[in-house]
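# An overview of the molecular structure
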Amino acid sequence: MHDKKGFTTGEVAELCHVTIPTVIKWIESSELEGFKIPGSKNRRITRENLIKFMQKHNIPTDQLQKSRPKILAVDDEEIILEVFQGIFEEDSYDIRCVSRGFDAGLAKEFKPDVIILDICLPDMDGNTVCEYVRNMPEMKNVRILGISGNITKKELNELKKKNFDDILAKPFDNDLLFAKVEKLLRK
């Protein structure tokens, strides 16, 4: 629906969670700008008018707009989470940050495209979190980027052979992190 230019009353009703007669009343009362198709009783609403109407009435427009890539960041260092937010919020990503491995269970509800996962978490090993996420059927397409500052390069490479799609050592270059996430999103 994010690239559609015009909508039927039925489509508008579905998007706004109302009935078709309600949409017709909105059009007839000029609350929602629409038009009749010549020689027909059918009505159409342009994308622009529908978005204006939905925003005016606080109706979510998520289905009409391209969804932003979703990132779940899991790290116990608050400063690192702030760095992630700074990098990705500016570039139109939907990022959620959590500080415990246990909270990575949010992935099931949030459905991220990429998880940036610290391997050395205080409450739970990053490998365990990774396995947990990989075992969720709804997470089969998620990409996981493991990060850590407490392990050797050899250990990092071994992790890549396991369940992680890519690995990054701390301290990291912000541009390299961004490039790795972009690459994972394209997979």
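Look above for the structure.
Residues numbered from 1 in each chain as written. Predicted model: local features only at pLDDT ≥ 70, side-chain atom pairs only at ≥ 80, totals over all residues. Heavy atoms only, no water.

Two elements in contact, helix 1 (residues 9-16) and helix 2 (residues 20-28), have axes whose closest approach is 8 Å; the angle formed by their N-to-C orientations is 105°. Taken together, the axis directions place helix 1 and helix 2 in an arrangement best described as roughly perpendicular. Residues Thr 9, Gly 10, Val 12, Ala 13 and Cys 16 of helix 1 form the contact with helix 2, whose own contacting residues are Ile 20, Val 23, Ile 24, Trp 26 and Ile 27. Grouping the amino acids of the contact of helix 1 with helix 2 by side-chain chemistry returns 8 nonpolar, 2 polar and no charged. (Axes fitted to C-alpha atoms, helices over the stretch in contact; angles between N-to-C directions. Helix = DSSP H or I, 4+ residues; strand = E, 2+ residues; numbered from the N terminus. Parallel < 35°, antiparallel > 145°, perpendicular 65-115°, else oblique. Contact = heavy atoms within 4.5 Å. Nonpolar A, V, L, I, M, F, W, Y, C, P; charged D, E, K, R; others polar.)

Quick look at the environment of Ile 147 now. Along the chain, the position of Ile 147 falls in strand 7 (residues 143-148). Placed 21 residues apart in sequence, Ile 147 and Gly 126 show a C-alpha to C-alpha distance of 9.2 Å. Beyond its immediate stretch of four places on either side in the chain, Ile 147 contacts Asp 75, Phe 84, Ile 116, Leu 117, Asp 118, Ile 119, Leu 168 and Lys 170.

Remember, this is a structural readout, not a statement about activity or role.
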